[in-house]
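For reference, the chains in residue letters:
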Amino acid sequence: MLDVRVISIGALDAHPEWGEGNPVRTAHATTTLVRSGDRIILVDPALPPQILAARLGERAGLEAGAVTDVFLTCFRPDVRRGLEAFDGANWLVSEAERESVGVSMVQAYQRAEEAADTELADQLKRDIGLLHRCTAAPDRLADHIDLFPLPGVTPGLCGLLIAERRRTVLVTGDAVATLEHLEAGRVVRWAADVERARESFAEAVEIADVLVPGRDNVLINPTRGAF
């Protein structure tokens, strides 16, 4: 059985395509469930644990303990807010994201220690512990589910390419954020490397029939005909 479904639709704190310049809501990523055989993979557990557990039951009839793997498209805090609700699962992130984030967080922790910023140091220490628990995702997570690197928004952002019988689905993370970003051909404003982000955006649109964006509901690729 191969199944892809959105558990929770994400949101931007401020949507530039709606004319919003300052935050007006709490940002959180779209959370997606992908099932292949006996693998139950939750992508980007962005809501608080209690809320996400309820959504999982509502949308898929599952409890948190049923999830075998959690995959993070990136390590941004608003992508992994509910991660610790899935302590019994394998936590996966791309090797490139793990390495780049790890280096920057350790450096930030050292600066916080030197500045005697205890609160920040404690938060960074906790985040480093979460990252340490994550392992580098293999190129293939399960049958018909492969990693699809989409660097740019973060150095190691990585989506999942799902080969269904009649169509290709790509879970993009923030490489493609919303319908409006897709239609306008724009990347998110916080992209670490705008040029690489644009290249990844173009690759996503080129390869997928269906896109699961980082902050919106499922989208049919407008460059493809109806099917």
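Quick note: structure is the one above.
Keep in mind the model is a prediction, meaning the values are calculated, not measured.

Q: Break down the packing of helix α2 (residues 95-114) against helix α3 (residues 118-133) for me, citing the residues and quoting the values.
A: What describes two packed helices is the angle between their axes and the distance between those same axes. It is the contact of α2 with α3, at a shortest axis distance of 9 Å, that shows an interaxial angle of 155°. On the basis of the axis angle, α2 is roughly antiparallel to α3. By crossing handedness, the relation of α2 to α3 is classed as left-handed. Residue-level contacts link R98, V101, G102, M105, V106, A108, Y109, A112 and E113 of α2 to L120, A121, L124, K125, D127, I128, L131 and H132 of α3.

Q: Can you explain the sheet that holds strand β5 (residues 90-93)? Please cite residues and give values.
A: If you walk across this open sheet you meet the six strands as β1-β2-β3-β4-β5-β6, and the pairing is mixed. A single partner strand is all that each edge strand has here, and the edge strands are β1 (2-8) and β6 (135-136). Relative to strand β2 (residues 31-36), β1 is paired through six bridges, and the arrangement is antiparallel. Within the sheet, the bridge partner assigned to L2 lies in β2 and is S36.

Q: Summarise α3; cite the residues concerned and give the values.
A: Between its first and last C-alpha atoms α3 spans 23 Å; for 16 residues at 1.5 Å apiece the expected length is 22 Å, and the two agree. Of all the positions in α3, only A121, L124, D127, L130 and L131 are classed as buried.

Q: Help me get a handle on the pairing of strand β11 (residues 210-213), residues and values and all.
A: Burial along β11 is two-sided: the face carrying V210 and V212 and the face carrying L211 and P213 are both buried. In this sheet, β11 lies alongside strand β10 (residues 168-173) in parallel orientation, the contact comprising four bridges. By the bridge assignment, G173 is partnered in β11 with P213. Pairing of β11 with strand β12 (residues 219-220), which is carried by two bridges, proceeds in the antiparallel orientation. If you follow V210 over to β12, its bridge partner there is I220. Count of turn residues in the β11/β12 antiparallel hairpin: five residues.

Q: I'd like a description of the packing of aromatic side chains, backed by residues and values.
A: In the structure shown here, the tally under the stated rule is zero aromatic pairs. Above the ring of F75, the side-chain terminus of R80 is found at 4.0 Å from the ring centroid. Stacked on the ring of W91, the Lys or Arg R133 has its end atom at 4.0 Å from the ring centre.

Q: Describe the sheet that holds strand β7 (residues 140-142), listing the residues and the values that go with them.
A: With mixed pairing, six strands are arranged side by side in an open sheet as β7-β8-β9-β10-β11-β12. Of all the strands in the sheet, the pair left with one neighbour each is β7 and β12. Inspection of the sheet shows strand β8 (residues 145-149) paired to strand β9 (residues 158-163) by five bridges, in the antiparallel sense. Residue pairing for β9: P149 is matched across the bridge by C158. Here helix α5 (residues 194-207) sits on the sheet and contacts β8, β9, β10 and β11; the angle it forms with β10, its principal contact strand, is near 160°.

Q: Could you give an account of a negative patch on the surface, with specific residues and numbers?
A: Taken together, E113, E114, D117, E119 and D122 make up a surface patch of like negative charges. Of all the secondary structure elements, the ones that give two or more residues to the negative patch are α2 and α3. As for its position among the elements, D117 is in the loop between α2 and α3.

Q: Requested: an account of unusual backbone geometry, with residues and values cited.
A: Phi angles above zero are rare outside glycine, and D44 is one such case at about 60°. Position of D44 among the secondary structure elements: in the loop between β3 (39-43) and α1 (49-60). We classify D44 as buried; its relative accessible area is 3%. Even without a glycine there, the phi angle at H144 is positive, about 70°. The class of H144 is partly exposed, set by a relative accessible area of 42%.

Cut-offs applied
- Residues numbered from 1 in each chain as written.
- Predicted model: local features only at pLDDT ≥ 70, side-chain atom pairs only at ≥ 80, totals over all residues.
- Heavy atoms only, no water.
- Axes fitted to C-alpha atoms, helices over the stretch in contact; angles between N-to-C directions.
- Helix = DSSP H or I, 4+ residues; strand = E, 2+ residues; numbered from the N terminus.
- Parallel < 35°, antiparallel > 145°, perpendicular 65-115°, else oblique.
- Left-handed = near helix turned anticlockwise from the far one by under 90°.
- Contact = heavy atoms within 4.5 Å.
- Pairing = 2+ DSSP bridges.
- Expected span 1.5 Å × (residues − 1).
- Buried < 20%, exposed > 50% of the residue type's maximum accessible area, 1.4 Å probe, protein only.
- Phe/Tyr/Trp six-rings, centres within 6.5 Å; stacked < 30°, edge-to-face > 60°.
- Lys NZ or Arg CZ within 6 Å of the ring centre and 35° of its normal.
- Patch = residues over 30% accessible without salt bridge, like charges linked within 9 Å, V, L, I, M, F, W, Y side chains within 5 Å.
- Areas by Shrake-Rupley, 256 points an atom, 1.4 Å probe, with all protein chains shown as cover.
- Salt bridge = Lys/Arg side-chain N within 4 Å of Asp/Glu carboxyl O.
- Lys, Arg positive; Asp, Glu negative; His and termini not counted.
- Charge placed at Lys NZ, Arg CZ, Asp CG, Glu CD.

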